[in-house]
Amino acid sequence: PPAPTMERLLPEFHLQRKALFAVAAPDVEPTYILGLQTSPVNPGVLAVSASDHTVKIYARDGLQLLSKLAGHEGPITGVAFSRVDPNRLYTASADGAVLGWDIRSGLAAQRFESEPRSSLNCVACNCDGTVLVAASDLQGENAHLFIWNAQSGKALSRLSDVHSDDITQVVFSAQNPHLLLSGSTDGLINVYNLALLQGLHDPNECLINTHNCDSTASQVGFFGLQSEFVFCLTHSETLHVWHTTTPEDSDVCERVSEQRDVREQAAEKGLPMDYMVDCVFDVHSRRLFLIGGTHAGQLQLFHVNQASITPAASLSGGHTATIRAVSWSQDGTIVSGSEDSSLCLWSAKPKEQAMNEEP
């Protein structure tokens, strides 16, 4: 018989394992976990970025520490695994650089400099491993998208007239190596076809569609079997979904869902939610899930419907503070990271009592 889908497993999820990223000294703020990224090539490997300007590599299933990466001069603002090379990880930083790491040696093998030098907020690598993109804060009148050849490190282009405020996230399609998405605090979510760059006098013309969320975008992403949909979560805790323009279907552009009362919907169902963390598309059930949290460390998972959200699971007993990041694996597990410096592995497998105390 086929394996149960994530949708059916979620009600059985519980805390499987817990690990500490760092042990806080007395009277010292804990190290916040800021970002999680599971390798799409090797799903057993997890990268965790934190407020101490480092990234740690873990074995995802047991949360065992494998290596530590340190080399940035400022806060790490984004992590992205190569979708081709299982040992290559890219990190963006407020110091203006992207580093390409060999996670086996723990050494930075590549360095990509922003020009003009800019505080970077995020990084993404396309699905064939050829293009790397990072995005910046507002610098004067412009926020920049920097585009490099991921192998040679050569700067390919810079888009500077596409957003009028800080760019908070960049995401590539998992199916199309040319399709790029960016979200910004200017309220715009832009879709680009980077295949157009070679034939354009003005590189900003590779922008093929813009959506407006009427707020500041915190998380954006493609979903659907062909990346035909876009979601956006905002800092005012609203949720938006569009059927978007793609290079193959240039005439389609419509809002599918706009939900401005997500926290109220959760409260009506008796499920407290103070903020939204991310959305995840489950390829098996073809459903979009919303992940939210409480400041006490509880996770709430919902199905996203066209006009509402419905409860899928509630996970507690792992964190004691705000949850900053979640990594959902199609193998049937979820890892979450919190401001309490803890990593939690959730699954429907039999419970384990072990906790990795050593960071």
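If you're wondering where the values come from, they're calculated on a predicted model, not measured in any experiment.

(A) Structural context of the sheet that holds strand β11 (residues 131-139). Taking strand neighbours across the sheet as the criterion, the 4 strands line up as β10-β11-β12-β13 in an open arrangement whose pairing is antiparallel. Edge strands, defined here as strands with exactly one partner in the open sheet, are β10 (120-125) and β13 (155-159). In this sheet, adjacent strand axes meet at a mean angle of 15 degrees when their direction is disregarded. Pairing analysis gives 7 bridges linking β11 to strand β12 (residues 142-149), with the strands arranged antiparallel. Bridge pairing in β12 links Val131 to Asn149.

(B) Region of the structure containing the pairing of strand β3 (residues 45-50). In terms of burial, β3 is largely enclosed, as 6 of its 6 residues are buried. Covered by surrounding structure in β3 are Val45, Ala47 and Ser49 together with Leu46, Val48 and Ala50, the residues of both alternating faces. Note: strand β2 (residues 33-38) against β3, 5 bridges, orientation antiparallel. Following the sheet pairing, Ile33 is matched in β3 by Ala50. The antiparallel hairpin formed by β2 and β3 contains 6 residues in its connecting segment. Here β3 folds back onto strand β4 (residues 54-59) in antiparallel fashion, the turn holding 3 residues, of which His53 has a positive phi close to 70 degrees.

(C) Highlighting the pairing of strand β6 (residues 76-81). Among the 6 residues that make up β6, 5 are buried, leaving the element largely enclosed by the rest of the structure. One ladder, built from 5 bridges, connects β6 with strand β7 (residues 88-93); its direction is antiparallel. Note on β7: the bridge partner recorded for Gly78 is Ala92. Linking β6 back to β7 in an antiparallel pair, the connection comprises 6 residues.

(D) Up close: the sheet that holds strand β24 (residues 299-304). The strand order across the open sheet built from 4 strands is β22-β23-β24-β25, with neighbouring strands paired in antiparallel fashion. Looking at the sheet topology across the chains shown, the edges are occupied by β22 (275-282) and β25 (309-315). Averaged over neighbouring strand pairs, the angle between their axes works out to 25 degrees when direction is ignored. Here 6 bridges tie β24 to β25, and the two strands are oriented antiparallel to one another. Bridge pairing in β25 links Phe302 to Pro311.

(E) Region of the structure containing the packing of aromatic side chains. If you walk through the whole model with that rule in mind, you get 6 aromatic pairs. Ring geometry for Phe112 against Trp148: centres 5.5 Å apart, planes inclined by 55 degrees, an arrangement best described as tilted. Residue Phe112 is located in strand β9 (residues 107-113), and its partner Trp148 is located in strand β12; the two are separated by 36 residues in the primary sequence. The same class applies to Phe112 as to Trp148, namely buried. Sitting over the face of the ring of Phe21, Lys56 holds its NZ or CZ atom 4.4 Å from the ring centroid.

(F) Local environment of the pattern of salt bridges. Using the criterion set out here, one finds 7 salt bridges in the structure. Measuring nitrogen to oxygen at the nearest pair gives 2.4 Å for the salt bridge that ties Glu113 to Arg111. Residue classification places Glu113 among the partly exposed residues on the basis of a relative accessible area of 35%. Among the residues examined, Arg111 registers a relative accessible area of 41% and is labelled partly exposed. The partner of Glu258 in a salt bridge is Arg255, and the shortest N-O contact between them spans 3.9 Å. Relative accessible area serves as the criterion here: at 36%, Glu258 is assigned to the partly exposed category.

Rules behind the numbers
- Residues numbered from 1 in each chain as written.
- Predicted model: local features only at pLDDT ≥ 70, side-chain atom pairs only at ≥ 80, totals over all residues.
- Heavy atoms only, no water.
- Pairing = 2+ DSSP bridges.
- Helix = DSSP H or I, 4+ residues; strand = E, 2+ residues; numbered from the N terminus.
- Axes fitted to C-alpha atoms, helices over the stretch in contact; angles between N-to-C directions.
- Buried < 20%, exposed > 50% of the residue type's maximum accessible area, 1.4 Å probe, protein only.
- Phe/Tyr/Trp six-rings, centres within 6.5 Å; stacked < 30°, edge-to-face > 60°.
- Lys NZ or Arg CZ within 6 Å of the ring centre and 35° of its normal.
- Salt bridge = Lys/Arg side-chain N within 4 Å of Asp/Glu carboxyl O.

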